[in-house]
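Summary of the model geometry
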Amino acid sequence: MPESLPPHLQSTVNELSESHYFETNPCPPSLKAHAAAASAFISQHVSQNRRVVLVSSGGTTVPLENQTVRFIDNFSAGTRGATSAEYFLEAGYAVIFLHRQFSLLPYSRHYSHSTNCFLDFLEEAYTTTTTIPTISPPGSNRAADREEVEKENPRIQVPQQYLTPMLTVLRKYRRAKAHNLLLLLPFTTITSYLFTLREIAMCMRPLGDMAMFYLAAAVSDFFVPPSRMVEHKIQSGEIPQSVLDGRKDGKAAKLVVKDEEREQRSEKEPVKVAPGGAGQKLVVDLDPVPKFLKKLVEAWAPDAMIISFKLETDPSLLLHKCRQSLDRYSHHLVIGNLLSTRKYEVVFVDRQGEQWIRLHRYDDETDGSSAAVTGQQPIVEGEGDEIESIIIPQCVRRHEELMMRKSVERVER
Ligand code: PAZ
């Protein structure tokens, strides 16, 4: 979208592209079920006067085919989202966890397949073991005599040394389940993420300013629009014209072009090249995803507290991009982080300015950190292993201040 348009035209273009997106992209089949689950969850917490936060987590995929074999993905494992959700639950919030399917989840993340495989924390045990001597038949070699151990009532148990940390996690998990404080809603594609976010945001309206959006998902900026999406698996080799002619989907070969064809394409086209079959390249032409944050702030959840994340890899861009996001979307807070330091350092950017947050235990390793690069000193430093233990109380404090301001405004009106 042209950046140079005057603001009123820019927002009209935005509106059009957003509504066009929802009109032209397929609604995910799970949407109705997700909306029903969210509505019931929200009603319960509205009636209990509890704050609700929607935490988005993990990366969105960009399918290259309708019957998707290949897709574009990103690095996010969902650590930020899953960890943050736990701290929000601890702070008394109910959590709608809108997450990439199979990414990390609150609580179970402590014993995931990749970090702490849960099987390594278990051992076999038996209630009784009986030793049965086996007597060799007469004439046999006595050395063959042996004892058999009969094991009864097998159990699986956690060795003593792992018990305390596991019990702590288990108790928190069971409490969240028992009180219905955590709703897990999965997505996979960028489209299913956006449809679900819009739907759930509208379900959350009855919460008013007791709702918070904490958008930690790594959402794709580009996608293949339905008009250019092929139905079937993209082929790397030549398909005879006679076979293609018989197909309903005439777009089948459009993404695969020969070298000479590619040379004829305009230099300006966003062409990404990957090795293809004999002499062929895969050319992927992506459109920008319309910016939905504005819509969330202005239309879908106008009373809620909205916090977004901004990820960069170049330290010199981080603050600029955070401020730009705040200016464009007029929400409450942008939390900036760098790919390389995101686990121990973030920057909070709001209309008052910026505030760096860093974990103490990484002080020795901060040479390349964003605070060091920009010459900023961290305002808040914390102990512990997880920076979310500092991020969430800060977010909660800001949410409380916002609720307070809004209640004063209501009284004054
Ligand atoms: O999921 P993770 O813990 O590996 O990474 C978290 C993160 C870097 C995706 C998140 O902190 C973030 O910055 N999300 C927003 C990304 C963006 O769209 O700019």
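It should be noted that the structure appears before, not after, this text.
Described in the following lines is the structure provided in the data block. The shown structure was predicted, so the numbers you read here are calculated from the model rather than taken from an experiment. (Residues numbered from 1 in each chain as written. Predicted model: local features only at pLDDT ≥ 70, side-chain atom pairs only at ≥ 80, totals over all residues. Heavy atoms only, no water.)

Let's shift gears to the overall build of the chain. Within the chain one finds 11 helices and 18 strands. Split into buried and exposed, the 413 residues of the chain put 42% on the buried side. The long-range fraction of contacts in the chain, counting pairs at least 24 apart against all pairs at least 6 apart in sequence, stands at 69%. For the chain, the accessible surface area stands at approximately 22,700 Å², while carbon and sulfur atoms represent 53% of it. (Helix = DSSP H or I, 4+ residues; strand = E, 2+ residues; numbered from the N terminus. Buried < 20%, exposed > 50% of the residue type's maximum accessible area, 1.4 Å probe, protein only. Contact = heavy atoms within 4.5 Å. Areas by Shrake-Rupley, 256 points an atom, 1.4 Å probe, with all protein chains shown as cover.)

Across its 17 residues, helix α2 (residues 31–47) extends 24 Å between first and last C-alpha, which sits within 8% of the 24 Å expected from 1.5 Å per residue. Burial in α2 covers these residues: Leu31, His34, Ala35, Ala38, Phe41, Ile42, Gln44 and His45. Along its buried surface, α2 packs onto β1 (52–57), β4 (94–100), β7 (182–187) and α5 (190–203). Directly after α2, the chain includes Asn49, whose backbone phi takes a positive value near 55°. (Expected span 1.5 Å × (residues − 1).)

For the structure shown, the criterion picks out 14 aromatic pairs. Between the aromatic rings of Phe22 and Phe292, the centroid separation amounts to 5.2 Å while the plane-to-plane angle is 65°, which identifies the pairing as edge-to-face. Taken together, the positions of Phe22 in helix α1 (residues 7–24) and Phe292 in the loop between β13 (287–288) and α8 (293–300) put the pair 270 residues apart, joining distant regions of the chain. Residue Phe22 is classed as buried on the basis of its relative accessible area, which comes to 12%. Pairing Phe187 with Tyr193 gives two aromatic rings, centres 5.0 Å apart and planes at 70°, and the pair type is edge-to-face. By the ring-pair criterion, three or more aromatic residues cluster together here, those being Tyr21, Phe22, Phe195, Phe223, Phe292 and Trp300. (Phe/Tyr/Trp six-rings, centres within 6.5 Å; stacked < 30°, edge-to-face > 60°.)

Mapped onto the fold, Ser227 is located in the loop between β9 (222–223) and α6 (241–245). Overall, Ser227 belongs to the exposed group, its relative accessible area being 56%. Between the C-alpha atoms of Ser227 and Thr24, which are 203 residues apart in sequence, the distance is 8.6 Å.

Looking now at the nonpolar core. Among the nonpolar cores identified, the biggest contains 89 residues, and Phe88, Ile96, Met204, Phe213, Tyr214, Ile335 and Cys395 are the most heavily contacted of them. With eight residues, the single largest contributor to this core is α5. Both domains that furnish three or more residues to this core are identified here as domain 1 (1–106 + 176–224 + 288–303) and domain 2 (226–285). For Met204, the residues in contact, after removing those within four places along its chain, are Ile42, Val52, Leu54, Ile96, Ala211, Met212 and Phe213. The next biggest cluster of nonpolar side chains, apart from the first, holds nine residues, and it includes Leu326, Leu338, Val349 and Trp356. (Core = buried A, V, L, I, M, F, W, Y, C linked by side-chain atoms within 4.5 Å. Domains from an automatic or database assignment.)

Applying the stated criterion across every chain, the model contains 18 salt bridges. We note a salt bridge from Lys172 to Glu90, for which the minimum N-O separation is 3.0 Å. Linking Lys172 in helix α4 (residues 160–178) with Glu90 in helix α3 (residues 79–90), this pair joins segments that are 82 residues apart in sequence. On the basis of relative accessible area, Lys172 is assigned to the partly exposed category, the value being 33%. A salt bridge links Glu345 to Arg358; the shortest N-O distance between them is 2.9 Å. Taken together, the residues span a long stretch of sequence, with Glu345 in strand β16 (residues 345–350) and Arg358 in strand β17 (residues 353–359) at a distance of 13 residues. The class of Arg358 is buried, set by a relative accessible area of 8%. (Salt bridge = Lys/Arg side-chain N within 4 Å of Asp/Glu carboxyl O.)

Functional significance is not addressed by these values, which are geometric in nature.
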